[in-house]
Amino acid sequence: MVSPRGQSHGKRDAMRQRLLMRAARLEDLPAVCALEQKCFTMYRLSKRQLRYLCGRETVIFHVASVGGKIVGEAIGLMRRHGKRLSGRIYSLAVDPEYRGRSIGLRLLGRIMRDFHALGVGRVHLEVDRDNEPAIQLYRRHGFCGMEELLDYYGPGGHGLRMLRQGKVR
Ligand SMILES: CC(C)(COP(=O)(O)OP(=O)(O)OC[C@H]1O[C@@H](n2cnc3c(N)ncnc32)[C@H](O)[C@@H]1OP(=O)(O)O)[C@@H](O)C(=O)NCCC(=O)NCCS
């Protein structure tokens, strides 16, 4: 049965189950890879790339799950510049069936808190200039548009570099 808002009872029941966030493990990678396929049309991370990133010291890699199903992932990279560390949001994705429930916001918050705890100051990212949901989400976390990236995603696929500096709330 489908409710007036278009959600099946099964889906709503699933959402009543608790959202869990934790560091990604090797056994999560097939599900994360499937999520990359589902959520991105270009520059999807392959299983090989995900395996390389999982568990590395300079990578923060979290998954979100509901009832044991992986429904979101977030990856942050750290880089040292002399004494300072900078961060980059490398991937953030939420299963389309679970969007609009603050999962993206919470995953990004988790990465930002980990960055802060590790002493990361500046955090940057690149996003498709037309990707309004993601741009709005990043703004909610204090990111500002910093630079237009013409043809960053191929001819006509313009990007936006966003930056966040300072203390994480
Ligand atoms: C971007 C993405 C991760 C958002 O995930 P989500 O769990 O649906 O987002 P949330 O529910 O946490 O939304 C947080 C905020 O983001 C913004 N937002 C999310 N979806 C939006 C939409 N469709 N339109 C406009 N703003 C939106 C809003 O500011 C929202 O806050 P609000 O609900 O109080 O208005 C998800 O849409 C996604 O996986 N997209 C495909 C992959 C992608 O583009 N990743 C980013 C690559 S840089």
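Please refer to the structure higher up on the page.
In this report, we go over the structure that sits alongside the text. (Residues numbered from 1 in each chain as written. Predicted model: local features only at pLDDT ≥ 70, side-chain atom pairs only at ≥ 80, totals over all residues.)

1. Let's talk about the site of the ligand
Alright, step 1. Lining the immediate surroundings of the ligand are 20 residues, of which Arg99, Gly104, Leu105, Pro133 and Leu137 lie closest.
Alright, step 2. Contributing elements (two or more residues each) for the shell around the ligand: strand 4 (84–94), helix 4 (103–117) and helix 5 (132–140).
Alright, step 3. Ranked by the residues each element gives to the shell around the ligand, the list is headed by helix 5, at six residues.
Alright, step 4. Across the shell around the ligand, the residue classes break down as 11 nonpolar, five polar and four charged. (Near = placed C-beta within 6 Å. Helix = DSSP H or I, 4+ residues; strand = E, 2+ residues; numbered from the N terminus. Nonpolar A, V, L, I, M, F, W, Y, C, P; charged D, E, K, R; others polar.)

2. A closer look at helix 2 (residues 29–39)
Alright, step 1. Taken together, the buried positions of helix 2 are Leu29, Val32 and Leu35. Along the long axis of helix 2, the arc covered by the buried residues comes to 115 degrees, so they all point the same way.
Alright, step 2. In this structure, the buried side of helix 2 is in contact with helix 3 (47–53), strand 2 (59–66), strand 3 (69–81) and strand 4. (Buried ≥ 20, exposed ≤ 12 C-beta atoms within 10 Å, placed from the backbone. Arc of directions from axis to C-beta. Contact = placed C-beta atoms within 7 Å.)

3. A short note on helix 4
Alright, step 1. The terminal C-alpha atoms of helix 4 lie 21 Å apart, and with 15 residues this matches the ideal 21 Å at 1.5 Å per residue to within 8%.
Alright, step 2. Inspection of helix 4 places Ile103, Gly104, Leu107, Leu108, Ile111, Met112 and Phe115 among the buried residues, and these make up the whole buried set.
Alright, step 3. On the buried face of helix 4, the contacting elements are strand 1 (19–23), strand 2, strand 3, strand 4, strand 5 (120–128) and helix 5.
Alright, step 4. Note on helix 4: the residue one or two positions beyond its end, Gly119, has a positive phi of about 90 degrees. (Expected span 1.5 Å × (residues − 1).)

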